[in-house]
Amino acid sequence: MDKLLFTPGPLTTSLTVKEAMLYDYGSRDDLFIHLIKDIRYTLLSLGNVSKEKGYEAVIMQGSGTFGVESVISSAIPKTGNLLIVINGAYGERIAKIASIHKIPFTSLVFAEDEIPDLEKTEQLLMSGNFTHMVIVHCETTTGILNPIESFGVLSKKYGVHYIVDSMSAFGAIPVEVDSCNIDFLISSSNKCIEGVPGFSFILAKKETLISCKGLADTLVLDLFAQWQGLETDGQFRFTPPIHSLLAFKQALKELADEGGVEGRAIRYHANFTMLKEGMAKLGFTEYLSEEKQAYIITTYYYPENIAFDFKIFYQELNQRGYVIYPGKLSKASCFRIGNIGRIFTDDVLNLLNAIKEVKTEMGF
Ligand SMILES: Cc1ncc(COP(=O)(O)O)c(C=O)c1O
């Protein structure tokens, strides 16, 4: 029996998404090539852009980080300069990527429970030293929602290319790629679109994508070359994640059936609210204040009670069929519960009942 995943991903998927993988396609099969085209087209529409508006969707094999590394290592010349706005582990990971690829960068670091400050960011951009800026949309480390629209205004004002890691938000938090001035938005197959793991994807402003030609310092993660491959014969340069693309096509259909991004947002928000109220009743305290919190994933402090042991708490819930997630904070002891994936308020209610039971059993 499948366990329900209350995590930041990979997530619980529907049976129909899993069933969509029961077929073998050749990577050069016309049907498969058509499927890739269709998926790329639909992805653009989820970001409220299109080919006609000058945007391109590129699919990159691998997990979400492959997509992030592809953009960072393909879009920023060694003569460029990247401003990385950080308030969590995924922002820190971008700095690590830039460092490995020897891309000049500056990290502007904020606390994990703090929304990055626009004025401080603007002060740096004013220097005219930067060519690119990157920020994480929902910092899954805590679940904080970063104001990508306001940072987009700054990127436009100071003429820097704008990269958004929207891994855990895209598909559930509406985004206007064009009006946010985003050059590259990155997400992956196994987050809010509710597909299975296998690839990341990048929505890119075509003009900026073209300017990436020849900049990449790896073969496989070369974003421009990947796009060129997909455009010229509709195929991937290297073995495609065929089954996860089949699953993704079904997941996109289920997203549309649910009312698109807005419809999915309603369900996730309902999950979030039910969890929030239930956990408060059980005496758990949220790490983030309400106005900073997105409805994607919620971080809770460990209860201040010596009877609480996260490992046991986790295992007991796991045995009952519910998978929660450890914390990722540098300073506070916390755990996380995701509100995303093929889960509904009834599932959240069942999780809350299980938490209540385990809490009583453990005596905290
Ligand atoms: C905001 C963000 N960026 C990047 C990643 C990395 O994705 P992956 O673990 O698929 O490589 C994640 C994963 O949860 C994420 O939430």
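Residue positions are counted from 1 within each chain, in the order its sequence is given. This being a predicted model, a pLDDT of at least 70 is required before a residue's local features are given, and a value of 80 or more before pairs of side-chain atoms are given or counted; all residues contribute to the totals for chains, interfaces and linings.

1. Focus on the overall build of the chain
And then number 1: Helix and strand content of the chain: 12 helices and 14 strands.
And then number 2: Computed over its C-alpha atoms, the radius of gyration of the chain comes to 21 Å, within 12% of the 21 Å expected for a compact globule of 364 residues.
And then number 3: The principal-axis extent of the C-alpha atoms belonging to the chain is close to 60 × 55 × 35 Å.
And then number 4: The exposure label follows from counting other C-beta atoms within 10 Å of a residue's C-beta, where the C-beta atoms are placed from the backbone and the thresholds are 20 or more for buried and 12 or fewer for exposed, leaving partly exposed in between. Split into buried and exposed, the 364 residues of the chain put 46% on the buried side.
And then number 5: In the chain, 72% of the contacts between residues at least 6 apart in sequence involve partners at least 24 apart. Runs of E in the DSSP output that reach at least two residues are strands. Runs of H or I that reach at least four are helices, and both are numbered from the N terminus. C-alpha atoms define the radius of gyration in this analysis, and the globule rule sets the expected value at 2.2 Å times the number of residues to the power 0.38. In this description, any two residues whose backbone-derived C-beta atoms lie within 7 Å of each other are considered to be in contact.

2. What to know about the sheet that holds strand 14 (residues 334-338)
And then number 1: With antiparallel pairing, the 3 strands of this open sheet are ordered in space as 11-14-13. Each edge of the open sheet is held by one strand with a lone partner, namely strand 11 (297-301) and strand 13 (325-326).
And then number 2: The rule for pairing is simple: two strands pair if DSSP sees at least two bridges between them. Here strand 11 runs beside strand 14; their pairing, made up of 5 bridges, is antiparallel. The partner of Thr298 across the bridge, within strand 14, is Ile337.

3. So, the packing of helix 10 (residues 260-281) against helix 12 (residues 345-362)
And then number 1: What counts as an axis is a line fitted to C-alpha atoms, over the stretch in contact for a helix, and the angles between N-to-C directions run from 0 to 180 degrees. Closest axis-to-axis distance for the helix 10/helix 12 pair is 9 Å, and the angle between their directions is 20°. What the angle tells us is that helix 10 and helix 12 run roughly parallel. Here the hand of the crossing between helix 10 and helix 12 comes out right-handed. On helix 12, the residues touching Ala270, Asn271, Met274, Leu275 and Gly278 of helix 10 are Thr345, Val348, Leu349 and Leu352.
And then number 2: For this classification, the nonpolar set comprises Ala, Val, Leu, Ile, Met, Phe, Trp, Tyr, Cys and Pro, the charged set comprises Asp, Glu, Lys and Arg, and every other residue, Gly included, is treated as polar. Tallied by class, residues from the contact of helix 10 with helix 12 come to 6 nonpolar, 3 polar and no charged. To sort the angles, those under 35 degrees are grouped as roughly parallel, those over 145 as roughly antiparallel, those from 65 to 115 as roughly perpendicular, and the leftovers as oblique. Throughout, a crossing is termed right-handed when the near helix is turned clockwise from the far one, and left-handed when it is turned anticlockwise from it by less than a right angle.

4. Here we look at the domain arrangement of the chain
And then number 1: Note that the domain bounds reflect an automated or database-derived domain assignment. Assigned domains of the chain: these are domain 1 (15-257) and domain 2 (259-362).
And then number 2: Contacts between the two partners involve 22 residues from domain 1 and, on the opposite side, 21 residues from domain 2.
And then number 3: Classifying every residue of the side of domain 1 that touches domain 2 by side-chain character gives 13 nonpolar, 6 polar and 3 charged.

5. Notes on the site of the ligand
And then number 1: In this text, near has one meaning. A residue is near a molecule or strand if its C-beta atom, placed using the backbone, is within 6 Å of it. The full set close to the ligand counts 13 residues, and Ser63, Gly64, Thr65, Thr140 and Met167 are the nearest of them.
And then number 2: Of the residues forming the shell around the ligand, the biggest block, 3 residues, is contributed by helix 3 (residues 64-75).
And then number 3: Of the residues contributing to the shell around the ligand, the split by class is 5 nonpolar, 7 polar and 1 charged.

6. Considering helix 10
And then number 1: Take the number of residues in a helix, subtract one, and multiply by 1.5 Å to get its expected span. The first and last C-alpha atoms of helix 10 sit 32 Å apart over 22 residues, in line with the 32 Å expected at 1.5 Å per residue.
And then number 2: Among all positions of helix 10, only Val261, Arg264, Tyr268, Asn271, Phe272 and Leu275 are buried. The arc that holds the buried residues of helix 10, viewed along the axis, is 100°, so those residues lie on one side. Facing away from the buried surface of helix 10 by more than 90 degrees, the exposed residues are Glu262, Glu277, Ala280 and Lys281. This arc describes the spread of directions from the helix axis toward the C-beta atoms.

7. Describing the sheet that holds strand 9 (residues 184-188)
And then number 1: Pairing within the open sheet is mixed, and its 7 strands lie in the order 2-10-9-8-5-3-4. The strands lining the two open edges of the sheet, one partner per strand, are strand 2 (55-61) and strand 4 (105-109). Geometrically, the sheet is characterised by an average inter-axis angle of 20° between neighbouring strands, direction not taken into account.
And then number 2: Strand direction decides the pairing type here: strand 3 (residues 82-86) and strand 5 (residues 132-136), joined by 4 bridges, are parallel. The partner of Val85 across the bridge, within strand 5, is Ile135.
And then number 3: Across the face of the sheet, helix 2 (residues 30-46) comes into contact with strand 2 and strand 10 (199-205) while running at roughly 125° to strand 2.
And then number 4: Relative to strand 3, helix 4 (residues 89-100) is tilted by about 155°, and along the sheet it contacts strand 3, strand 4, strand 5 and strand 8 (161-165).

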